[in-house]
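# Coordinate analysis (summary)
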Amino acid sequence: MNERHVRSFLAVVDDGTVTRAARRLHVAQPSLSQTLAALETEIGAHLFERAGRGLRLTPAGHALVGPARQILRAIDEARAAVSDVVELRAGTVTLTTLATLAVAPVADLIGRYRRLYPGIQVRVLESETLNDVVTHVRTGACDLGIGYLARVEPGLVLHPLGKQELLLVFPPSQRVSQLEPVPLETLAHTPFVVSPAGTSTRTLLEDALTAVGITPNIAVETAAREAIIPLVLADAGAALLPAPLANEAARRGATIRHTQPQITRPVALIHRTITPDSKRPIGVVGFDG
């Protein structure tokens, strides 16, 4: 049984004769009769019997009417649902991002995206490391990823979104050099509040200080990133934070400084290589860096 069988059957039910039903369906009467015969063969029962110049439903025909209408409603609903997704009126996009990018640029990007495609639901998964971002996108667990990637990974496509600068954040009570930017070589004795080893910001801090011959002085290590700013404000140590978080810390009393050399990292939108079999509409939104 296919959709043509069901629509033909219901057209005859509603119009009473094959002639009127064929006219409404814009098909030849013999063709409609053959369709009904094929349906009866598939069902294994006669669906109509002659009643004067018209047709009357048999008990089997009566039994089929309700399910047939349900089938057509389900088909129409399925088509509408697919159309909504294809035309970006409905659906879900899953995005994975590093925690340090969740505020900027991710929040702004999602806001712009939702204004363009209000029917699309966005789910955000936080990844601990860049490797987690790549894995989630490559395996299909997430549609998109946002991370710090400077090179193209096999099977993935990168769309550069700009660079993110990281700033030094000092406790309110700490005397900070008025020099700005602050030379990295002056931070040899500065205690730092950091995220766990292997996380992107921790790695960036270690690499930047190592490059000028300094071993970072780790005072506090915490996996709770939301605790880093409170720890700095509580005089536990300084921190290296993305500019949006650093500015938030400054509003709460911390002192922030740029670094010399400047510490930045490229931010990229990541998705799998699109093939004819994997192509899926997601939509596009811009980012100003």
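Residues numbered from 1 in each chain as written. Predicted model: local features only at pLDDT ≥ 70, side-chain atom pairs only at ≥ 80, totals over all residues. Heavy atoms only, no water.

## Regarding the environment of Ala223
With respect to the helices and strands, Ala223 occurs in the loop between β9 (217-221) and α8 (228-233). Note: C-alpha distance between Ala223 and Ala197 (26 residues apart in sequence) is 9.6 Å. (Helix = DSSP H or I, 4+ residues; strand = E, 2+ residues; numbered from the N terminus.)

## Some words on the nonpolar core
In this structure, Leu101, Tyr113, Ile120, Ile146, Val267 and Ile270 are the most contacted members of the largest nonpolar core, which totals 23 residues. Going through the elements one at a time, β3 (91-98), α5 (102-116), α6 (130-138), β5 (144-147), β6 (156-170) and β13 (263-272) are the ones with two or more residues in this core. Not counting residues up to four positions away in its chain, the partners in contact with Ile270 are Val133, Val137, Asp143, Leu144, Gly145, Gly147, Leu149, Leu156, Val157 and Leu158. Of all hydrophobic cores here, the second largest spans 18 residues; its members include Ala21, Ala22, Leu57 and Leu72. (Core = buried A, V, L, I, M, F, W, Y, C linked by side-chain atoms within 4.5 Å. Buried < 20%, exposed > 50% of the residue type's maximum accessible area, 1.4 Å probe, protein only. Contact = heavy atoms within 4.5 Å.)

## Considering the packing of helix α1 (residues 3-15) against helix α4 (residues 59-86)
Two numbers describe how α1 lies on α4: the axes approach to 10 Å, and their chain directions differ by 125°. Put simply, α1 runs oblique to α4. Seen from above, α1 lies across α4 with left-handed handedness. Facing α1, whose interface residues are Glu3, Val6, Arg7, Phe9, Leu10, Val13 and Asp14, α4 presents Gly61, Leu64, Val65, Ala68, Arg69, Ile71, Leu72, Ile75, Asp76 and Arg79. (Axes fitted to C-alpha atoms, helices over the stretch in contact; angles between N-to-C directions. Parallel < 35°, antiparallel > 145°, perpendicular 65-115°, else oblique. Left-handed = near helix turned anticlockwise from the far one by under 90°.)

## Brief notes about a nonpolar patch on the surface
Taken together, the side chains of Met1, Ile43 and Ile71 define a hydrophobic patch exposed on the protein surface, amounting to about 230 Å² of accessible area. Judged by relative accessible area, which is 43%, Met1 ranks as partly exposed. (Patch = residues over 30% accessible without salt bridge, like charges linked within 9 Å, V, L, I, M, F, W, Y side chains within 5 Å. Areas by Shrake-Rupley, 256 points an atom, 1.4 Å probe, with all protein chains shown as cover. Salt bridge = Lys/Arg side-chain N within 4 Å of Asp/Glu carboxyl O.)

## Thoughts on the pattern of salt bridges
Inspection of every chain in the model, using the stated rule, returns 12 salt bridges. Here Glu49 ties to Arg56 by a salt bridge, and the two come within 3.1 Å at their closest N and O atoms. Glu128 serves as the salt-bridge partner of Arg225, at 3.5 Å between the closest nitrogen and oxygen. Taken together, the residues span a long stretch of sequence, with Arg225 in the loop between β9 and α8 and Glu128 in the loop between β4 (120-127) and α6 at a distance of 97 residues. The class for Glu128 is partly exposed, based on a relative accessible area of 41%. Put simply, Glu3, Arg7, Asp76 and Arg79 are held in one network by salt bridges that share partners.

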